[in-house]
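Structural overview for review
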Amino acid sequence: MVKWSEFQTRRPTDREVRSWFEDLRGPRDLRNIGIALGPISGCIVIDVDAQGALGALRDDGYPDPLKYVQTARGEHWYYGWDEQHPIGNKAKITVGGARVPVDVRGHGGYVVGPGSLHESGHVYTLKAEGDFAWADLPALPPHLAMKIEKQSELAVKVWAPKIEGNDKALAVIDLCASGMTKSLLTKGAKAGERNDRVY
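Structure report, in brief.

Reading guide: rules and limits
- Residues numbered from 1 in each chain as written.
- Predicted model: local features only at pLDDT ≥ 70, side-chain atom pairs only at ≥ 80, totals over all residues.
- Heavy atoms only, no water.
- Helix = DSSP H or I, 4+ residues; strand = E, 2+ residues; numbered from the N terminus.
- Buried < 20%, exposed > 50% of the residue type's maximum accessible area, 1.4 Å probe, protein only.
- Contact = heavy atoms within 4.5 Å.
- Pairing = 2+ DSSP bridges.
- Axes fitted to C-alpha atoms, helices over the stretch in contact; angles between N-to-C directions.
- Polar contact = N/O pair within 3.5 Å; in protein donor to acceptor, adjacent residues only side chain to side chain.

With that settled, consider the overall build of the chain. Within the chain, the secondary structure is distributed over six helices and nine strands. Residues counted as buried form 46% of the 199 residues belonging to the chain. Considering only contacts in the chain between residues 6 or more positions apart, those separated by 24 or more positions represent 74%.

Written out as structure tokens, the structure is:
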């Protein structure tokens, strides 16, 4: 089993990523994909899975993301990491003056990646507008990033770690949506077990 905490400060190599899925000794039917968020991947995610949450975000001025993932219960909205407004993790952020069940995942957090299989049988599916690199994801507008930054549970100043390894290792995200993983993922992770079943 791969411990994901190590990959908050370094990116996996291409060889490591492939070995996690090609090693037949491991429980192939339990393998899903996790994406460490924050400066290491250059992404933050707004987890939208409650009725009315999408409308509340749009009413509050949150721009529709250029890339998002359709989950079993809603959507993961991906935005670029902004060093000027470091965002940690926060459940039920304030949107439109009211608390709604919208969670934010940033530095120190992770999300289940596209290509993963939920226990319901739903495959986390990447949706994108246009063709551009993940590194080019636009960040949230500063005034919205500041609102989340003040609410997020990032108690210390975020430092951008020295990123080691092959920059191409972000291809793990692209592998998530590829046919390669579809042939490997056959059973979903139950709620509460995702920490132990993601790579």
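From this point, things continue past the structure.
Two orientations exist for strands paired in a sheet by backbone hydrogen bonds: parallel and antiparallel. Sheet architecture is open: five strands sit in the order β7-β2-β4-β3-β9, paired in antiparallel fashion. The sheet terminates laterally at β7 (102-105) and β9 (125-128), the two strands that pair on one side only. Going across the sheet, the axis of each strand differs from the next one's by a mean of 25°, ignoring polarity. Note: strand β3 (residues 67-70) against β9, four bridges, orientation antiparallel. Bridging from a neighbouring strand, Val-69 pairs with Leu-126 of β9.

The next point concerns the environment of Ser-116. Topologically, Ser-116 is positioned in the loop between β8 (110-112) and β9. Overall, the relative accessible area of 0% leaves Ser-116 in the buried class. At a separation of 2.9 Å, a polar atom in the side chain of Ser-116 contacts the main-chain carbonyl oxygen of Gly-113.

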